[in-house]
Amino acid sequence: MGSGRKIGSEEGVLRIHQTIARDLGTAILTGKHKPGELFEGEIEASERLGVSRTAYREAVRILIAKGMLESRPKAGTRVLPRSRWNVLDPEMLAWMFAGEPDANFIRDLFELRGVIEPAAAEFAARRRTDEQLATMEAALAEMGRFGLSTPDGRAADQRFHHAILAATHNDALEALASSVGAAVSWTTTFKHRKKLLPRDPLPDHRAVFQAIAARDTAAARATMAELLRLALADMDIALAEPGG
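How each quantity is defined
- Residues numbered from 1 in each chain as written.
- Predicted model: local features only at pLDDT ≥ 70, side-chain atom pairs only at ≥ 80, totals over all residues.
- Heavy atoms only, no water.
- pLDDT = per-residue confidence, 0-100.
- Contact = heavy atoms within 4.5 Å.
- Pairing = 2+ DSSP bridges.
- Helix = DSSP H or I, 4+ residues; strand = E, 2+ residues; numbered from the N terminus.
- Axes fitted to C-alpha atoms, helices over the stretch in contact; angles between N-to-C directions.
- Parallel < 35°, antiparallel > 145°, perpendicular 65-115°, else oblique.
- Left-handed = near helix turned anticlockwise from the far one by under 90°.
- Nonpolar A, V, L, I, M, F, W, Y, C, P; charged D, E, K, R; others polar.
- Buried < 20%, exposed > 50% of the residue type's maximum accessible area, 1.4 Å probe, protein only.
- 1 Å grid on protein atoms, 1.4 Å probe; cavity = no way out; pocket = protein on both sides within 12 Å on 5 of 7 lines; lining within 4 Å.
- Points joined across faces, edges and corners; volume = space filled by probe spheres on them.

Visitor: Please clarify how the confidence of the model for the chain should be interpreted in this entry.
Guide: Caution applies to low-pLDDT parts of the model: their predicted coordinates are not meant to be read in detail. With 89% of its residues at a pLDDT of 70 or more, the chain shows a mean pLDDT of 87. Note that residues 1-13 has pLDDT below 50 and, in this model, 25 contacts with residues that lie over four places away or in other chains.

Following this line, the structure appears as structure tokens:
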């Protein structure tokens, strides 16, 4: 079974090595494999999983790149401490939110967004172009049309936040767009997983947009901070639900 072969069903878009990486990564995230634990050898693992050694080797390389594993000659492959993991990797965020994510980590994400996004909104209000403003407005329209409980609505939400980071015209901030976008998408998905929340967050987004459109830097920072404060409150409601 080569590493280029694709698998079917809901995982049809994933190649074998990507699927193995996801399964192993999820096992590490959930504590099945703990930091310091030695993985079985490549030959044994590939035989147990019924895949080629190449596929298993490529999967391990993915996890090494994410900081989850370390492989050394003669010493084998070990799980690294959580402090070494690239927890903002969009793929790793997807693995985390596929199950029941850790509440403390969710709050960590919101704290990070609270540092980055209000400042980004302030820069965007000062530096945005008319084209970037039009992108934000179009994303808002789609959020209103589809709602954040739908994949299309969440994709529009991602585009809105991405457009704000792009409008900072700061390469370092814009480089965070994929991670921030993934955090926006997965936390929103989690909030709506069990039931629709009573509060509509669209007005909060419109307030940010209006401040950026008006080039009101102070209001842009303040409205984004308030958007995140209310989003975290919604998340606390979701986390408090039975089984959440």
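Okay, back to it.
Visitor: Could you clarify how one ought to interpret the pairing of strand E1 (residues 69-72) in this entry?
Guide: Pairing geometry for E1 and strand E2 (residues 76-79), over four bridges, is antiparallel. Counterpart to Leu69 in the pairing with E2 is Val79.

Visitor: I tried to follow the packing of helix H4 (residues 90-98) against helix H9 (residues 177-191) on my own but got confused; where do I start?
Guide: Between H4 and H9, the shortest axis-to-axis distance is 9 Å and the interhelical angle comes to 15°. If you check the angle between H4 and H9, you find them roughly parallel. Crossing handedness for the pair H4 and H9: right-handed. Touching Pro90, Leu93, Ala94 and Phe97 of H4 are Ser178, Ser179, Ala182, Ala183, Trp186, Thr187 and Phe190, all from H9. Of the residues that constitute the contact of H4 with H9, the class distribution is eight nonpolar, three polar and no charged.

Visitor: How should unusual backbone geometry be read in this particular structure?
Guide: With glycine set apart, most residues show a phi of negative sign, and most peptide bonds adopt trans. Positive phi outside glycine occurs at Lys74, with the angle close to 70°. With respect to the secondary-structure elements, Lys74 resides in the loop between E1 and E2. Its identity is not glycine, yet Arg215 carries a phi of approximately 55°, on the positive side. Checked against the element boundaries, Arg215 lands in the loop between helix H10 (202-213) and helix H11 (217-240). Residue classification places Arg215 among the partly exposed residues on the basis of a relative accessible area of 43%.

Visitor: Which parts of the structure should I look at to understand the layout of surface pockets?
Guide: Over the atoms rolls a probe the size of a water molecule, and in doing so it shows where empty space is left. Considered as a void within the structure, the largest pocket measures approximately 200 Å³ in volume. For the largest pocket, the full set of lining residues is Thr26, Leu29, Thr30, Arg82, Trp95, Met96, Ala98, Gly99, Glu100, Pro101, Asp102 and Phe105. Counting residues per element, the ones that place at least two in the lining of the largest pocket are helix H1 (16-29) and H4. The element that contributes the greatest number of residues to the lining of the largest pocket is H4, accounting for three residues.

Visitor: I keep staring at the pairing of E2 and nothing clicks. Help me out?
Guide: For a regular strand, side-chain orientation follows a simple rule: the groups alternate between the two sheet faces. With burial as the criterion, only one face of E2 is covered, namely that bearing Thr77 and Val79; the residues Gly76 and Arg78 on the opposite face remain uncovered. Count of turn residues in the E1/E2 antiparallel hairpin: three residues, of which Lys74 carries a positive phi of about 70°.

Visitor: How should I be thinking about the packing of H4 against helix H5 (residues 103-127) in this particular structure?
Guide: The relative placement of two packed helices is expressed as an angle between their axes plus a distance between the axes. Packing of H4 against H5 leaves a shortest axis separation of 11 Å and a crossing angle of 140°. The pairing of H4 with H5 is recorded here as oblique in orientation. Remark: the crossing between H4 and H5 carries left-handed chirality. Of the residues in H5, those touching H4 at Leu93, Met96 and Phe97 are Phe105, Ile106 and Leu109. Tallied by class, residues from the contact of H4 with H5 come to six nonpolar, no polar and no charged.

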